[in-house]
Amino acid sequence: MALALIIDDEVDLCRLMQMTLKKMGIESKVAYDYATGISHLQAYNFDFCLTDLKLPDGTGLDIVKFISKNYAKTPVAVITAHGSMDLAIEALKLGAFDFVNKPLELSRLRQLVENALKVAENAHKLNCKEVYDPFSNRLIGHSNAIAQLKTTIQKLARSQAPVFLWGESGTGKEVVAKLIHDLSPRCSANFVPVNCGAIPSELMESEFFGHKKGSFTGATADKEGLFQQANGGTLFLDEVADLPISMQVKLLRAIQEKKIRPIGSTQEIAVDVRLLSATHKNLAKLVETGEFRQDLYYRINVIEVKLPSLNERRDDILLLANHFISLIADDWGLAQPPTLSNEAAVQLTNHHFAGNVRELRNILERAITLADDNVIEGHHLNLPLSAANVPHDTHRIHEAHEITETPNHPVLSIPSQPSISKVAPLAEAKSASNSPLNTSYSSNLFANGYKIKPNIQLAPTPTQSNHEALTHESLTLNAPIGSINAPNLAQPSAEEGPLPAEGLEEYLMNQERKVIIAALNCSGWNRTQAAKLLNTTFRSLRYRMKKLGIDSDSDIHSDSDED
C-alpha cells in the first residue's frame, strides 16, 4: 500500500485529505509543522508528499528544496492559498511536480494524487535495466549537448510544470515535447500539438475552447476545443509567439484557473492539461516591445529549455544523416539504404545548417533522388562551395570567369551578377517563351556530361541564331569539374554584385524552377522528354517538380509520361 506524507498546520484540512487518501487505498502520515515533516521524511519511505506553502516554523518551499536534494525520486506537490500563484510557480521551479489551490476540490486532489503515484511508478521503471531506451531512434546523438538535454527531459517528465522550449527553427522542439509527454504520468492520455500561427485569429477561440451548437453562424454542432481534447494529457503550443494579444488574455485565464468556457456556454469546464510551448522567436524581447503579455510569459515560462542547434552538435551530424537515410529508404521502399562517400561525409560535417535537422533531412532526400547508384557522392548533396566543405583536390578558385570554346562544348560564362528576379507564376511561365527551343542542340549539350547548376548560364555561340538560344527561360549548366574556373565565393568582388537578398536556398530554388520550366516548354510539357533534355531520370524530375510546386496541372501535358 502506498504511503503519503501530509504537511499542513490546518487540522481539519489534514483530516479531510487523510480521509480522501484512505478511500483511495493510501495510508498517510501527518505533520503540522516543518520540523515534524523533516523528521517523518527521515524515518519513513514515502511514495509522495503534500505540503502547504505556509508553515509555523518554515515554508513549503523549504520542504520542496529538502526533498529535491535528499529524496529526488519522491514527488512533492504544494498546496497554495488563493492569490499565491507566484509562490506556486517558484515551487515548481525548485522541483515540485504540481500544485493544488485552496479551498481544496476533492476531484482535483484525487487527480493530483493519481499523477503523483504515476510519477513514482515511472521513476521506478526508468531505473530498471530491462526497460528500453526511451530516446532510441527519437533523439539521436551522443554529443554533450544532447546528453544534457536527455537528462533535462527526464527531470521535466516527472514535473507537471509548464515548459517553454526555445530554439532555432528545425531543432526538434516538437520531438522534445513529445518525449516529455511520453515519459510523464500523462503518457496514456492525448498529446495535442497545435501551431498557433496556422489558426486564423477569428477561429482561434473556438479552436482552443470549443463551442456550442448555434453559438454563431456555421456552428451546426457542439465542438470540443483543444483544451478538452488534451484533458488529462499534454497541450503543445508551437509558435506561441504568434498568438494575438486578444487570445493571450483568454489563454492566461485558462492556464491560471484550469477552467475553460466554450463559446455559447454559460458554465465553465474544469480541465487538467499540462502546457508545453515553443517558439523560435525571442519572447523576452517581444514582452519588452509589448507584442507579448508579460503575465502570460511568466505563466508559460516556468521552466525554460534551450535546444542546441545542429551547428552546436557537429559530432551528431553523421549519426543523424545515417538515421535519416534509413528512414527515407524505408519510406521510399528502397531495397538497401544508400551510403555516404567520404567526400559527402566531410561536406555534411563542415556545412553550416541554417535550417538545422530539418535542412539535413531535405538535403539527404534530394541526394538520394539524384544518386546514380547506392553511394551518395559529394556533388549529389548540391551544397554551396566553400573552403570548409570542398575536398582539397577540388579547390579551384580563380579570378577568371570564362572558358574558351571546345569542339564539343559551347562557350560557358558565369554571370557577373546573379539574377534574383522573381519567377513568374506557372500559367505565365508556360506562355512566356515566344521562341521555340532547339531540342537536338539541347540534347547534345546534356549528353556531354553537364549537370544542373544554378550559377552558370548558357550563352549563345556567334553561329547560333537567336531562336535557338534560351532567351527567356535560360538553362543553367554545370560543366565537368576542371573545365571551368570557379569564382571566389568566400569574398565576392564588387564586380559580382550583392548576394541574393532572398537567401541561398530560395535563390537556388528559383533558378532550378526556371530551368525545369524551360525544358518543359521545349518538350511541350512532356515530362519524359523534358527529363531526357535535362539528362536526368523521370523520377528525379517528378520529385523536383513536386518540390517546386510546378506539377499541379502537368497531367494534361503528359500523354506519354511513364514511370
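This part is about the overall build of the protein chain. Looking only at helices and strands, the protein chain has 21 helices and 19 strands in total. Within the span of the protein chain, comprising 563 residues, buried residues form 47% of the whole. Counting every atom, the protein chain has about 28200 Å² of accessible surface; 50% of that belongs to carbon and sulfur.

In this section: the pairing of strand S6 (residues 76-80). S6 sits mainly inside the fold: five of its five residues count as buried. With burial as the criterion, each face of S6 is covered, one bearing Val-76, Val-78 and Thr-80 and the other bearing Ala-77 and Ile-79. Pairing of S6 with strand S7 (residues 98-101) involves four bridges; the strand directions are parallel. Its bridge partner being in S7, Val-78 is matched across the sheet by Phe-99.

What follows is about the packing of aromatic side chains. According to the stated counting rule, one finds eight aromatic pairs in the structure shown. Seen from their ring centres, Phe-191 and Phe-236 are 6.2 Å apart, and the 20° between their planes marks the pair as stacked. With Phe-191 in strand S9 (residues 191-195) and Phe-236 in strand S10 (residues 234-238), this residue pair connects regions lying 45 residues apart in the sequence. Look at Phe-208 and Phe-209: their rings are 6.4 Å apart centre to centre, the planes differ by 50°, and that puts the pair in the tilted class. Summarising the burial analysis for this pair, Phe-208 and Phe-209 share the class buried.

Right, let's talk about empty space enclosed by the protein for a bit. With the rule as written, the count across this model stands at three cavities of 30 Å³ or more. Considering only enclosed or pocket space, the largest cavity measures out at about 280 Å³ in volume. In terms of lining residues, the largest cavity is bounded by 21 residues, among which Phe-99, Pro-162, Ile-255, Lys-258 and Val-273 are the most central. Elements that contribute at least two residues to the lining of the largest cavity include exactly helix H4 (85-94), S7, helix H10 (245-257) and strand S13 (274-279). A breakdown of the residues in the lining of the largest cavity according to their chemical character gives 12 nonpolar, two polar and seven charged.

Attention shifts here to the sheet that holds S10. Within the open sheet, the five strands sit side by side as S9-S10-S13-S8-S14. Their pairing is parallel. Where the open sheet ends on each side, the last strands, each with one partner, are S9 and strand S14 (303-306). The sheet shows a mean angle of 20° between the axes of neighbouring strands, direction not considered. Of the pairings in the sheet, the one linking strand S8 (residues 163-166) to S13 comprises four bridges and is parallel in character.

Only one face of S14 is buried: it carries Ile-303 and Val-305, and the other face, with Glu-304 and Lys-306, is open. Of the strand pairs in this sheet, S8 and S14 are connected by four bridges, and their pairing is parallel. Looking at the pairing, Val-163 lines up with Ile-303 of S14.

Orientation of helix H2 (residues 34-43) relative to helix H3 (residues 60-70), taken along the N-to-C sense of each, is 20°, at an axis distance of 11 Å. On the basis of their axis angle, the class for H2 and H3 is roughly parallel. Here the hand of the crossing between H2 and H3 comes out right-handed. Here Tyr-34, Ile-38, Leu-41 and Gln-42 of H2 come into contact with H3, specifically with Asp-62, Ile-63, Phe-66 and Ile-67. Class assignment of the residues belonging to the contact of H2 with H3 gives a composition of six nonpolar, one polar and one charged.

Note that Asp-98 resides in strand S7. Given a relative accessible area of 3%, Asp-98 falls into the buried group. At a separation of 3.3 Å, a polar atom in the side chain of Asp-98 contacts the side chain of Arg-108. Apart from residues lying up to four places away in sequence, Asp-98 is in contact with Val-76, Ala-77, Val-78, Leu-92, Arg-108, Leu-112, Gln-160 and Lys-258.

Here we come to the sheet that holds S6. Read across the open sheet, the five strands follow the order S2-S1-S3-S6-S7; overall the sheet is parallel. Single-partner strands in this sheet number two, and they are strand S2 (27-31) and S7. Each strand axis lies, on average, 20° off the axis of its neighbour in the sheet, ignoring direction. Sheet topology note: the strand S3 (residues 48-52)/S6 ladder contains four bridges and is parallel. Following the sheet pairing, Cys-49 is matched in S6 by Val-76. The strands touched by H4 within the sheet are S6 and S7, with S7 carrying the most contacts at an inclination of about 160°.

In helix packing, the relevant descriptors are the interaxial angle and the interaxial distance, both defined with respect to the helix axes. Contact geometry of helix H15 (residues 356-370) with helix H21 (residues 538-548) gives a least axis separation of 9 Å together with a crossing angle of 150°. On the basis of their axis angle, the class for H15 and H21 is roughly antiparallel. Residues Asn-362, Glu-365, Arg-366, Ile-368, Thr-369 and Leu-370 of H15 touch H21, and the partners they reach there are Arg-539, Ser-540, Tyr-543, Arg-544 and Lys-547. Here the residues of the contact of H15 with H21 sort into three nonpolar, three polar and five charged.

This paragraph deals with the confidence of the model for the protein chain. On average, the protein chain scores 79 in pLDDT, and the residues at 70 or more come to 75%. Segment residues 391-487 is flagged for pLDDT under 50; beyond a separation of four residues in sequence, or across chains, it makes 159 contacts in the model.

Of all the residues in H4, the buried ones are Met-85, Ala-88, Ile-89, Ala-91 and Leu-92. Along H4, the residues classed as buried sweep out an arc of 155° about the axis, all on the same side. Elements that come into contact with the buried residues of H4 comprise H3, S6, S7, H10, helix H12 (294-300) and S14. Two residues or fewer after H4 comes Gly-95, characterised by a positive phi angle close to 130°.

Counting residues in hydrophobic clusters, the biggest one holds 47 residues, and the most contacted among them are Ile-153 and Leu-165. Discounting chain neighbours no more than four positions away, the residues touching Leu-165 are Lys-173, Val-176, Ala-177, Phe-236, Ser-277, Ala-278, Thr-279, Val-305 and Leu-307. By size, the runner-up hydrophobic cluster in this structure holds 32 residues, among which are Phe-164, Ala-241, Leu-252 and Leu-275.

Turning our eyes to something else, we now look at unusual backbone geometry. What you tend to see is this: most non-glycine residues have negative phi, and most peptide bonds are trans. Backbone torsion omega between Lys-102 and Pro-103 reads -5°, so that peptide bond is classified as cis. The backbone of Glu-239 sits at a positive phi, close to 50°, despite the residue not being glycine. Residue Asn-535 is not a glycine yet carries a positive backbone phi of 55°. Considering the arrangement of structural elements, one finds Asn-535 in the loop between helix H20 (527-533) and H21.

What counts and how
Residues numbered from 1 in each chain as written. Predicted model: local features only at pLDDT ≥ 70, side-chain atom pairs only at ≥ 80, totals over all residues. Heavy atoms only, no water. Helix = DSSP H or I, 4+ residues; strand = E, 2+ residues; numbered from the N terminus. Buried < 20%, exposed > 50% of the residue type's maximum accessible area, 1.4 Å probe, protein only. Areas by Shrake-Rupley, 256 points an atom, 1.4 Å probe, with all protein chains shown as cover. Pairing = 2+ DSSP bridges. Phe/Tyr/Trp six-rings, centres within 6.5 Å; stacked < 30°, edge-to-face > 60°. 1 Å grid on protein atoms, 1.4 Å probe; cavity = no way out; pocket = protein on both sides within 12 Å on 5 of 7 lines; lining within 4 Å. Points joined across faces, edges and corners; volume = space filled by probe spheres on them. Nonpolar A, V, L, I, M, F, W, Y, C, P; charged D, E, K, R; others polar. Axes fitted to C-alpha atoms, helices over the stretch in contact; angles between N-to-C directions. Parallel < 35°, antiparallel > 145°, perpendicular 65-115°, else oblique. Left-handed = near helix turned anticlockwise from the far one by under 90°. Contact = heavy atoms within 4.5 Å. Polar contact = N/O pair within 3.5 Å; in protein donor to acceptor, adjacent residues only side chain to side chain. pLDDT = per-residue confidence, 0-100. Arc of directions from axis to C-beta. Core = buried A, V, L, I, M, F, W, Y, C linked by side-chain atoms within 4.5 Å.

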